[in-house]
Amino acid sequence: MRQVRIVPLVGPLLVLYLALEVLGAEPFDPVATAIAALAVGLAAVPLWALRRGHEHVGARRVALLGVAAGVALVRAADPRVPSLLLDFAAALALPVAGALALHLAIDAPDAPPAIARRRRLFVGLALGGALAALAALAALAPLEWLGGWLVPARWALAAPGYALGAWLVAALLRVARRRLGSTPEALAAGGAAHLGTWTALVAGGALAALVLTGRLASGALGARALVAAALGALVVGHVGMLGVRRQVHAGRNTRRVIAGGLTLGLVGAGAAQVFEEIPRQPVAVGVAVAFVLVAGAFLHRALEGLLDRVLAPYGGRLLRGAAEALEGAVAATTATELGEAVLPPLRRAVDSLDAEPLLFVVDPPCAVRIDAAGTAHLEARELPSSLHAVLEARPGEIVVAAPLVEQVVRRADLRPLVSGLESVDALCVVPLSRDRELEGALVVPRGRRRAALTLEELDALERLGRHLGGQVALLASVERSRQRTRDLVAERERLADDLEAAQEQLGRLRADAQTLKAGGATERYVEPAIAYSPAMRAVMRKVEALAPVDAPVLVVGEVATGLDRVAWRVHAASGRRGGAFVVAECASVRPERADAALFGEREEDRPGWLRLAEGGTLLLADLPALSLEAQAKLAETLATKRAVLADGTGSYAVDARVIATSRVPLGVLVAAGALDAELARRLEPLVLDVPPLRARREDLPSLVLLALDRVCRVTGRPVLGIEREALDVLLEHDWPGNHDELVSVIERAVANATGPTVTIGELPPLAPAAPPPDPWEGTWAELETRILVHALEVSAGNKSEAARRLGLKRTTFLDKLKKHGLAADRPTEPPSAHA
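Residues numbered from 1 in each chain as written. Predicted model: local features only at pLDDT ≥ 70, side-chain atom pairs only at ≥ 80, totals over all residues. Heavy atoms only, no water.

A.B. asks: An account of the sheet that holds strand 9 (residues 617-621) is requested, with residue identities and associated values reported.
C.D. replies: An order of 8-9-12-7-13 is seen for the five strands of this open sheet, with the pairing classed as parallel. Looking at strand neighbours, the two that pair on one side only are strand 8 (581-585) and strand 13 (687-689), the edges of this open sheet. On average, adjacent strands in this sheet sit at an angle of 20 degrees to one another, irrespective of strand direction. Judged from the four bridges that link them, strand 9 and strand 12 (residues 657-662) form a sheet pairing that is parallel. Considered in strand 12, the bridge of L618 is made with V658. Together, strand 7 (553-556), strand 12 and strand 13 form the strand contacts of helix 21 (residues 534-546), whose direction differs from that of strand 13 by roughly 165 degrees. (Pairing = 2+ DSSP bridges. Helix = DSSP H or I, 4+ residues; strand = E, 2+ residues; numbered from the N terminus. Axes fitted to C-alpha atoms, helices over the stretch in contact; angles between N-to-C directions. Contact = heavy atoms within 4.5 Å.)

Below, the structure is given as structure tokens:
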């Protein structure tokens, strides 16, 4: 800390003291005065540099560099002044200036890992300047008390020689920083020092060449000017490195200045060579000046191109690629044209034919890629979600892959983003935005490039992204408009087709609006069948056998035995499973309207049940409830496959399978005159007898659990279980009400339940089982009637067979039927014992 306080004071005072010794010499030399003043100014740099950039790396060394340059410049102000002190100070100052410039090139403004690993080598080289400083003592006059020279006189060139060598190494290090791992910010901050070092090297090298070849004396005005230019540029360039936040154009400006300096130097040297040969005539001089200007312009352009390839980041490939892409994108009118203009230059910029630059569009989601020939292809592909989220969160900011890859080990949250970058092999991703809205993204591939991106390259990509953002937004908007137009045209065509179909099916649509609600929704039949009992297994086997046969089916069973569900099983296993399953409650229609409900009528625009079930299955629940006239007409329809409208205004083909249900066996219905004989004959071949719940003991546990699940869901309660004792009670019950009684018992049990399971105490009282009827109860007439009905039932309505079973003549059997009111021509309800 003491050194920092002393240098700002001692440096300028030392240079000022030396400058006064030069200024005190006679005669007065204005050039020497100006150079001495410049030397004092350079020495005063620490007073300003430390105050401005003391927090930056290298600020102290820049201060020492200013003092060393000032001391060396004082000696160059007027070499004619004999001074042992000036010679000695200048001999030491020049190597120190070289060593400081080299040391700053190693770790200022940052220390890339590749340089840091070789830091000892460069520090040793910098320390080698001390040897050059000692060798510079040869420039001192002989000391009388030593009686001779300290070192040979030829060693006097070691001081400027070492300074030029150190500046050369420092300049090469500045050039190589982008390949050695410097950050874009550090490269931009070091641009001024880069320029100053190269200027000092060129000016110093030119001076050394001119002096060694004898073309310029060391004390001449030109020599002093070159020394002042070299040392001044070196100090000013390094001062400019302090406090720089973001110098985007530092690299480009450096190349321009170098190209300009080289052009002036080469043109000036050439002009000096031929100056004496030019005649002193106005025309000749004018022609020579014009030639020099034209040659200088061509030389400057050539030098700029050469320096762009040598000094620009990555040979200037990406800069040229971005400029070429920006120029070609102007004329693009489609996404593919834009891809062909932008993507090939980016592929060439990364020096790899295998690299795949991509142009993503957010809406509509697509991507443009190019093949090996540079032809663009548009494909449906979305921008990776991790990249999309980052680009939207940081609008306008380029996502660079290299620093994220280095941080992913320490930050797990970056892994999705790094994976997204690796999936497209990205060097960086440029957002394409307009009004801070993300319109797309440009993926610059990594290719063979391993060097970090510079601020100059990032600025070029940002300019390209800003231009492409507006262009992509316009193209995407046009594409969205075209897509909407195509969708509208397709929608219009679809609506026209729908309208035509609607007009053709107007009757069916009106019929759908009048679909009977009898039977409920089809979804209630899709529950899995519970058939563990032998009786129910037999029913399911018979369902599988009858389903493929496209013929009417009669399902017979007691109340609440699930006849409609069995009918649904037949439909679902048949070839008509894809058609409608229409449930018609025959008991819900008045007898006089049964014909209209079944077959439809044109005047009322009612299609009828058979028309509604076209292509599917019609379930006639409680078939005996239909009037006998409707039954007879239905039998005829089943025979002819053609139905006549109820009002007689027309007929139509029937394409529906009929399934009927009945609570009474077929024979009893025919014997009682409740069912048309012809219809019974049509239904008789395919009959399904559904067992009551008391015959399905093995199915009861599953039915109980299913009922519990349904009731709990309906009431919004957690699904309950049931204790074994309670289940045993349910298993022992005969269930005269079949499934309806079971559901009612479970509903009341769930309502009573207070725990996770239904207990035996929470079961409601069960209805006592009805005692079996006494076959001998009643009068003789009643007993004889029951015997006749039973004979008809077991004989399926065949009177001859029934007479044979009873051992009666057929005529006697018919007389008894007439006697008890069981004749077919006199329909009556069967006795209550058999109802």
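A.B. asks: Now, about the packing of aromatic side chains: what can you tell me, with residues and values included?
C.D. replies: According to the stated counting rule, one finds one aromatic pair in the structure shown. For the pair W568 and F581, a centre-to-centre distance of 5.3 Å together with 75 degrees between the ring planes defines the contact as edge-to-face. Of the two residues, W568 is situated in helix 22 (residues 563-572) and F581 in strand 8; the sequence distance between them amounts to 13 residues. Just as W568 is buried, F581 falls in that class too. Sitting over the face of the ring of Y652, R611 holds its NZ or CZ atom 4.2 Å from the ring centroid. (Phe/Tyr/Trp six-rings, centres within 6.5 Å; stacked < 30°, edge-to-face > 60°. Buried < 20%, exposed > 50% of the residue type's maximum accessible area, 1.4 Å probe, protein only. Lys NZ or Arg CZ within 6 Å of the ring centre and 35° of its normal.)

A.B. asks: How would you sum up the packing of helix 2 (residues 30-43) against helix 11 (residues 221-240)? Please name residues and give values.
C.D. replies: Viewed as axis vectors pointing N to C, helix 2 and helix 11 meet at an angle of 15 degrees, and their least axial separation amounts to 11 Å. With respect to helix 11, the element helix 2 is oriented roughly parallel. Read as a crossing pair, helix 2 and helix 11 show a hand that is left-handed. Residues V31, A32, I35, L38 and L42 of helix 2 form the contact with helix 11, whose own contacting residues are L221, R224, A228, L231, G232 and V235. (Parallel < 35°, antiparallel > 145°, perpendicular 65-115°, else oblique. Left-handed = near helix turned anticlockwise from the far one by under 90°.)

A.B. asks: Now, about the nonpolar core: what can you tell me, with residues and values included?
C.D. replies: In terms of nonpolar packing, the biggest core is built from 57 residues, with L65, V71, L73, V74, W167, L231 and V235 touching the most fellow members. Broken down by element, this core gets its largest block of residues, 12 residues, from helix 4 (residues 59-77). Ignoring sequence-local partners within four residues, the contact set of L231 consists of L42, A69, A72, L73, L94 and W167. (Core = buried A, V, L, I, M, F, W, Y, C linked by side-chain atoms within 4.5 Å.)

A.B. asks: Any chance you could break down helix 2 for me, citing the residues and the numbers?
C.D. replies: Compared with an ideal rise of 1.5 Å per residue, which puts 14 residues at 20 Å, helix 2 spans 20 Å between its outermost C-alpha atoms and is within 8% of the ideal. Buried within helix 2 are the following residues: A32, I35, A36, A39, L42 and A43. For helix 2, the angular spread of the buried residues around the axis is 115 degrees, confining them to a single face. (Expected span 1.5 Å × (residues − 1). Arc of directions from axis to C-beta.)

A.B. asks: Outline a negative patch on the surface, supporting the account with residue identities and numerical values.
C.D. replies: A surface patch of like charges, here negative, comprises E493, D497, E500 and E504. Looking at the secondary structure, you find D497 in helix 19 (residues 455-504). (Patch = residues over 30% accessible without salt bridge, like charges linked within 9 Å, V, L, I, M, F, W, Y side chains within 5 Å. Areas by Shrake-Rupley, 256 points an atom, 1.4 Å probe, with all protein chains shown as cover. Salt bridge = Lys/Arg side-chain N within 4 Å of Asp/Glu carboxyl O. Lys, Arg positive; Asp, Glu negative; His and termini not counted. Charge placed at Lys NZ, Arg CZ, Asp CG, Glu CD.)

A.B. asks: Tell me about the confidence of the model for the protein, and please be specific about residues and values.
C.D. replies: Predicted confidence across the protein gives a mean pLDDT of 80, with 83% of residues reaching 70 or more. This stretch, residues 513-521, has a pLDDT under 50; its non-local contacts, to residues over four places away or in other chains, come to 14 contacts. Note on residues 824-835: pLDDT is under 50 here. Beyond four places in sequence and across chains, it has 14 contacts. (pLDDT = per-residue confidence, 0-100.)

A.B. asks: Tell me what's going on with the sheet that holds strand 3 (residues 376-379), and back it up with residues and numbers.
C.D. replies: If you walk across this open sheet you meet the six strands as 3-2-1-6-5-4, and the pairing is antiparallel. Looking along the sheet, the strands with just one partner apiece sit at the ends: strand 3 and strand 4 (399-400). The sheet contact formed by strand 1 (residues 358-361) and strand 6 (residues 437-445) spans four bridges and is antiparallel. Bridge pairing in strand 6 links F360 to A441. On top of the sheet, helix 15 (residues 335-349) reaches strand 1, strand 2 (366-370), strand 3 and strand 6; it is set at about 50 degrees to strand 2, its chief contact.

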